[in-house]
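Examination of the molecular architecture
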Amino acid sequence: MKIGLFIPCYIDQFYPKVGIATLELLEKLGCNVGYPMDQTCCGQPMGNSGSEKEAVKTAELFVKNFQTYDCIVAPTGSCACYVKEHYDILKQTDATKYVRENIYELAEFITDILKVDQIDATFPYKVGFHSSCHGQRGLRLAQSSELNLPFFSKQKQLLSMVKGIEIVEIDRRDECCGFGGTFCVTEEAVSVKMGKDKVADFVRNGAEVITSGDVSCLMHLDGIIKRQKYPVKVLHIAEILNNTIER
Amino acid sequence: MSRESILAQIRKSKPELVGLPILPECHIVEGDLTEQFKKTLLLVGGQAIEISEGDIELHIKKMFGYLKLTACNDGTLNFSNIDTCSIDDPRELRDIDLAVLRCRFGVAENGAVWLTDSDLSHRALPFITQHCVLIIPKNGMVWNMHEAYQRIKQENYNGFGVFISGPSKTADIEQSLVIGAHGPKSLTVFLTT
Amino acid sequence: MKHSEAAEKFISDNERTNWHDKALWFVRAKRDIAIKQVAEWEELRALASQIKAHVMSNLDVLLEQFEANAIKNGIHVHWAKDAEEHNNHVLNILKEHRVKSLVKSKSMLTEECHLNPFLEKNGIEVIDTDLGERIIQFRNEPPSHIVLPAIHLTKEEVGETFHTHLGIEKGISDPKILTDIARAHLREKFLSADAAMTGVNFGIADTGGFVVCTNEGNTDMGVHLSQVHIASMGIEKIIPRQEDLGVFTRLLARSATGQPVTTYTSHYLTAQSGQVIHLIIVDNGRSKQLGRADYVKSLFCIRCGACMNTCPVYRRSGGYSYSYGIPGPIGSILAPGANPKEHSSMPFASTLCGSCTDVCPVKIDIHQQLYSWRQDLTEDKKTSSSKRLIMKMMGIVLAYPKLYRFSGITARWFLGFSPRFLIYNKLNLWGKQRELPSVPTESFRDWYSKNRRANL
């Protein structure tokens, strides 16, 4: 099985270590991973801003880059969700349909396709997990608190396999952090207020590290943490699952 | 005519016909209907008391003896001191302290009691009274609203029917619950055996 | 005003924002507890959604059936294509019965039609009788929430309002005492009113009756003590069968406040003796919305307010930050249908987190509709031209890998080497209250080229 690794634009440019951790983790789990060199973005920034027509060319490029892989894996729930839900803007060719059906968020891929039940990782810290909305309610990587259905979380399930980790529960387990794409600047005041409340929830409950399946949420939270000098760090879930260093 | 233009616009706009789903007969739940009713009524600010038919009068006197004006829709109970049937204008019910009303049945899942025009000399009575006692037979209980509406369909009602679940209440000021908004300040349900 | 501007104002009072957020989150939490008591909750949501889908697809037939049965029951039925016609119907009915004073229970439809100012202008005394509505009526404010109209006010402010308008002592802020005062005040109004006006929660096609749900009992106090009952109903409020109420009454109050059912669920079939019932069936844009395939589900709404309580944006920006009378997520998908230009910022007042969709008891795909409205408003050039231009440019950069890589290098170079004042200025909204990420020297692609590709 040949896996196509999608590293979203902002991870590529600002968080290469998240891309590296994702790649190393997949390789450790025995995957044959390829990285199409001409990839850019999934098109979501334009779509969420109301300009999905401007996203068509970017989306076409995405399909062209990834159509030859057996599975496409991305360390983001948000972009994966965009490809699945919103690539109806493209002509539904076999390639488009194939790409939409075979894209997976990282944790989803590890639990559902690789069916991994142990992870060789160590991370002796108190970790709070932020369930990003598009992963949770879009891809259903975890059960929403709004529904009366049994709880599960694919990402928490993986985190619980890490040695030494202590998972910290927060008061509002799946409230949005306030990033929201261009929302973070067009609705700056609300976005930041939501982010502050989210960070405070983690800090109040003793988290030393906040992790998530989406770097976009973490980038927003980290911006607040650094400005407000909160005693907590952010790491993408791949960085924890790929970690073998003791405290 | 607006009627015709609205209907014409609807006919033009409406989506393709979608079938109407069949409703569940009743979701079967295991449990004690009476206990569930009592628990739920307490939760919504009322109380339910199991009582034998013969003890009703005594119990009401014990609970509400301090109240002056009491109305009742059952002539066999002997404590009413106002004949509401002889009143024309419902506004004259304004001073009633207690209304004691025999009703149809209760709903265990939400503590509601069903009453209709035929249980009422005036529709205003269960709302305008300061306190309210509703009497239902203990075995006249349904589990949930699906069952309740099946029963209503069989029995039919004319004019007006209401489910009452607990005393009137509001939380409009800072979300703090206050019992006794416009209607009764207390609601007691007697479950008779 | 744009939502973002109004929201910023609201948030500038941090303490009040926290209080507002917590008060509504508390309601959401009560709702969660209540729905967990109903094992078949998700089944009920699906049923309700299917019933509503049927209603929309058969609305003309059901309305005619409803009307015929209502007339058989002696109800006077009127039709109104818009707010103006609705208001005129009400005024004419009131004139016909020589009504001077009207008690009203809560109806979002009459808010939508701006009925109160219209009647007052025509010399009718209008008394809102829902406690929250009465409070905001004194203050001359619109509701900030569809179920909890005065949720934006503190108890101290309510005390102050009663001091001004009811002449009570200054400084009273106990909710129990304030409610007692309102009870006494409104009792007099109920007893002296000539007519009562109500909304309609459900119009039942197969009986011709209608149902109104309240907790305070104000609807029934008003209706049963007056000679004229006027009920206003949006065309979408129809349900086919009386037994469908089994589904909706189980969903409504649990979703709204976490109660197992509203205190009063009143079924009006015929008028009591000596009374008349007038029912006004109102379109006001609904039949147009019915024809918009992407948005028709917005008409499923049963006005429980759960989407507001769960919305992280609504809770932190308050009802008044939205330009339309119905605020929050549901308001944001209804408003652009009513007036796209005026309410163009509302669909953007969301992170598209999807909580509204999952909480909705009739399964309206609210966040999908927000996304769709964004597309439609942009397409119709109802959004800012600079934003559209930025998106166009982004679309070009991201479609060409070389251009993207060049832009990435440039951006990282700029962020890495510029002095702080060049980056953190008022043009940078991200940086107003947040740090930018620290800039790596190489992109993931650069790293990959060196560390993996070389080995291939």
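What counts and how
Residues numbered from 1 in each chain as written. Chains lettered and ligands numbered in written order. Predicted model: local features only at pLDDT ≥ 70, side-chain atom pairs only at ≥ 80, totals over all residues. Heavy atoms only, no water. Helix = DSSP H or I, 4+ residues; strand = E, 2+ residues; numbered from the N terminus. Buried < 20%, exposed > 50% of the residue type's maximum accessible area, 1.4 Å probe, protein only. Contact = heavy atoms within 4.5 Å. Lys, Arg positive; Asp, Glu negative; His and termini not counted. Charge placed at Lys NZ, Arg CZ, Asp CG, Glu CD. Pairing = 2+ DSSP bridges. Axes fitted to C-alpha atoms, helices over the stretch in contact; angles between N-to-C directions. Buried area = accessible area lost by both parts, 1.4 Å probe. Salt bridge = Lys/Arg side-chain N within 4 Å of Asp/Glu carboxyl O. Polar contact = N/O pair within 3.5 Å; in protein donor to acceptor, adjacent residues only side chain to side chain. Nonpolar A, V, L, I, M, F, W, Y, C, P; charged D, E, K, R; others polar. Phe/Tyr/Trp six-rings, centres within 6.5 Å; stacked < 30°, edge-to-face > 60°. Lys NZ or Arg CZ within 6 Å of the ring centre and 35° of its normal. Parallel < 35°, antiparallel > 145°, perpendicular 65-115°, else oblique. Left-handed = near helix turned anticlockwise from the far one by under 90°. Domains from an automatic or database assignment. Expected span 1.5 Å × (residues − 1).

Attention now goes to the overall build of chain B. Secondary structure summary: chain B contains five helices and eleven strands in total. Principal-axis analysis of the C-alpha atoms gives chain B an extent of 65 × 45 × 40 Å. For chain B, with 193 residues in total, the buried portion stands at 57%. Counted over contacts in chain B with a minimum sequence separation of 6, partners at least 24 positions apart contribute 73%. Computing the positive centroid from 19 side-chain charges and the negative centroid from 24, chain B places the two 5 Å apart.

A separate point is the sheet that holds strand 7 (residues 228-234) of chain C. Residue and element names in this part refer to chain C. Spatial ordering of the open sheet is given by 1-10-7-4-2-3, a layout of six strands whose pairing is parallel. Each edge of the open sheet is held by one strand with a lone partner, namely strand 1 (76-80) and strand 3 (125-128). The sheet shows a mean angle of 20° between the axes of neighbouring strands, taken without regard to direction. Here five bridges tie strand 1 to strand 10 (residues 276-282), and the two strands are oriented parallel to one another. Looking across to strand 10, one finds that valine 77 is bridged to leucine 279. The strands touched by helix 4 (residues 59-72) are strand 1, strand 7 and strand 10; relative to strand 1, the strand with the most contacts, the crossing angle is about 145°.

Accessible area lost when the parts come together is the quantity often used to give the size of an interface. At the junction of the two partners, chain C supplies 79 residues and chain A supplies 74 residues. Summing both partners gives a buried area of about 6700 Å² for chain C against chain A, and 57% of it is carried by carbon and sulfur. The three residues of chain C that bury the most area against chain A are Gln433(C), Arg434(C) and Phe444(C), which together make up 12% of that side's buried surface. For the pair chain C and chain A, the number of links is 13 salt bridges. The salt bridge involving Arg137(A) is made with Asp358(C); its shortest N-O contact spans 3.9 Å. Where chain C touches chain A, the interface holds 45 residue pairs in polar contact (both at pLDDT 80 or more). Considering each element in turn, the side of chain C that touches chain A owes the most residues, eleven residues, to helix 2 (residues 14-36) of chain C. By residue class, the composition of the side of chain C that touches chain A is 32 nonpolar, 21 polar and 26 charged.

Turning our attention to the packing of aromatic side chains. Per the stated rule, a full pass over the model turns up 24 aromatic pairs over all chains. Geometrically, the ring pair formed by Phe66(A) and Tyr69(A) is tilted, given 6.2 Å between the ring centres and 50° between the ring planes. When sorted by exposure, Phe66(A) lands in the same class as Tyr69(A), which is buried. Centre to centre, the rings of Tyr149(B) and Phe163(B) are 5.6 Å apart; their planes meet at 70°, and the pair counts as edge-to-face. A residue pair is termed long-range when its members are at least 10 positions apart, and Tyr149(B) in helix 5 (residues 145-155) and Phe163(B) in strand 8 (residues 160-164) qualify at 14 residues. The burial state of Tyr149(B) is the same as that of Phe163(B); both residues are buried. In textbook terms, an aromatic cluster arises when at least three aromatic residues are bridged by ring pairs, as seen for Phe6(A), Phe62(A), Phe66(A), Tyr69(A), Tyr82(A) and Tyr87(A). The ring of Tyr104(A) is capped by Lys84(A), whose NZ or CZ atom sits 5.9 Å from the centre of that ring.

Further remarks concern the pattern of salt bridges. For the coordinates displayed, the defined rule picks out 69 salt bridges over all chains. Glu188(C) is paired through a salt bridge with Arg94(B); the nearest N and O atoms lie 3.0 Å apart. Pair noted here: Glu188(C) is in helix 10 (residues 175-192) and Arg94(B) is in the loop between strand 2 (70-72) and strand 3 (98-102), and the two residues belong to different chains. The partner of Arg123(B) in a salt bridge is Asp117(B), and the shortest N-O contact between them spans 2.9 Å. Residues joined by salt bridges that share partners form a network here, namely Arg137(A), Arg140(A), Glu146(A), Arg173(A), Asp174(A), Arg28(C), Arg31(C), Asp32(C) and Asp358(C).

Moving on, we get to the packing of helix 11 (residues 188-204) of chain A against helix 1 (residues 3-11) of chain C. Viewed as axis vectors pointing N to C, helix 11 of chain A and helix 1 of chain C meet at an angle of 45°, and their least axial separation amounts to 7 Å. Classified by the angle their axes make, helix 11 of chain A and helix 1 of chain C are oblique. Contacts between helix 11 of chain A and helix 1 of chain C involve Ala189(A), Val190(A) and Lys193(A) from the first element and Ala7(C), Glu8(C) and Ile11(C) from the second.

Moving on, we come to the packing of helix 4 (residues 56-66) of chain A against helix 19 (residues 385-399) of chain C. The interhelical angle for the contact between helix 4 of chain A and helix 19 of chain C, taken along N-to-C directions, is 20°, at an axis separation of 8 Å. Here helix 19 of chain C runs roughly parallel to helix 4 of chain A, going by the angle between their axes. As helix 4 of chain A runs across helix 19 of chain C, the sense of the crossing is left-handed. Together, Lys57(A), Thr58(A) and Leu61(A) of helix 4 of chain A and Gly395(C), Leu398(C) and Ala399(C) of helix 19 of chain C make up the contact between the two elements. For the contact of helix 4 of chain A with helix 19 of chain C, the per-class residue count stands at three nonpolar, two polar and one charged.

Entries for chain C in the domain assignment read domain 1 (58-284) and domain 2 (394-455). Domain 1 of chain C and domain 2 of chain C are separated by 57 Å when their C-alpha centres are compared.

Examined against the element boundaries, Thr70(B) turns out to sit in strand 2. The residues touching Thr70(B), leaving out its near neighbours within four places in the chain, are Phe79(B), Ser80(B), Asn81(B), Ile82(B), Leu98(B) and Val100(B).

Relative to the helices and strands, Glu67(C) is located in helix 4. Within the structure, Glu67(C) has its side chain in polar contact with the side chain of Arg3(B) (distance 2.6 Å).

This part is about the sheet that holds strand 6 (residues 131-137) of chain B. Residues and elements named next belong to chain B. Reading across the sheet, the five strands line up as 1-11-6-3-2 and stay open at both edges, with parallel pairing between neighbours. One side of each edge strand has no neighbouring strand; the edge strands of this open sheet are strand 1 (47-51) and strand 2. For this sheet, the mean angle separating the axes of adjacent strands, direction not counted, is 20°. Bridge count for strand 1 against strand 11 (residues 186-192) is five bridges, and the pairing is parallel. Residue pairing for strand 11: alanine 48 is matched across the bridge by valine 189. Sheet strands touched by helix 2 (residues 33-43): strand 1, strand 6 and strand 11. Its angle to strand 1, the strand with the most contacts, is close to 145°. Lying over the sheet, helix 3 (residues 56-64) contacts strand 1, strand 3, strand 6 and strand 11, oriented at roughly 160° with respect to strand 11.

Right, let's talk about the interface of chain B and chain C for a bit. The interface is formed by 68 residues belonging to chain B together with 95 residues belonging to chain C. Across the interface of chain B and chain C, roughly 6900 Å² is buried in total on both sides, 59% from carbon and sulfur atoms. Applying the counting criterion to the chain B and chain C interface returns ten salt bridges. Of the charged contacts in the structure, one is a salt bridge between Arg3(B) and Glu64(C), with a shortest N-O distance of 3.9 Å. There are 40 residue pairs in polar contact (both at pLDDT 80 or more) connecting chain B and chain C. A total of eight residues in the side of chain B that touches chain C trace back to one element, the largest contributor, which is helix 1 (residues 2-13) of chain B. Examined bridge by bridge, strand 8 of chain B and strand 9 (residues 264-268) of chain C share five bridges and lie antiparallel to one another. Bridging across to strand 9 of chain C, Ile164(B) finds its partner in Tyr264(C).

To continue, consider helix 2 of chain C. For helix 2 of chain C, which comprises 23 residues, the first-to-last C-alpha distance of 33 Å matches the rise-based estimate of 33 Å (1.5 Å per residue) to within 8%. Buried residues of helix 2 of chain C: Thr17(C), His20(C), Asp21(C), Ala23(C), Leu24(C), Trp25(C), Val27(C), Arg28(C), Arg31(C), Asp32(C), Ala34(C) and Ile35(C), and no others.

Quick look at helix 8 (residues 131-139) of chain C now. Buried residues dominate helix 8 of chain C, accounting for eight of its nine residues. Among all positions in helix 8 of chain C, only Leu131(C), Gly132(C), Glu133(C), Arg134(C), Ile135(C), Ile136(C), Gln137(C) and Phe138(C) are buried. Looking at the buried side of helix 8 of chain C, the elements it contacts are strand 9 (169-170) of chain B together with helix 6 (108-112), helix 7 (115-121), strand 3, helix 9 (155-166) and helix 10 of chain C. Regarding helix 8 of chain C, its N-cap is Asp130(C), as a side-chain oxygen of that residue lies 3.2 Å from the backbone nitrogen of Gly132(C) further along.

This part is about the environment of Ala181(B). Mapped onto the secondary structure, Ala181(B) falls in the loop between strand 10 (178-179) and strand 11. According to the relative accessible area criterion, Ala181(B) is buried, its value standing at 3%. In this structure, Ala181(B) is in contact with Ser168(B), Lys169(B), Thr170(B), Thr179(C), Arg183(C) and Glu216(C), ignoring residues within four places of it in sequence.

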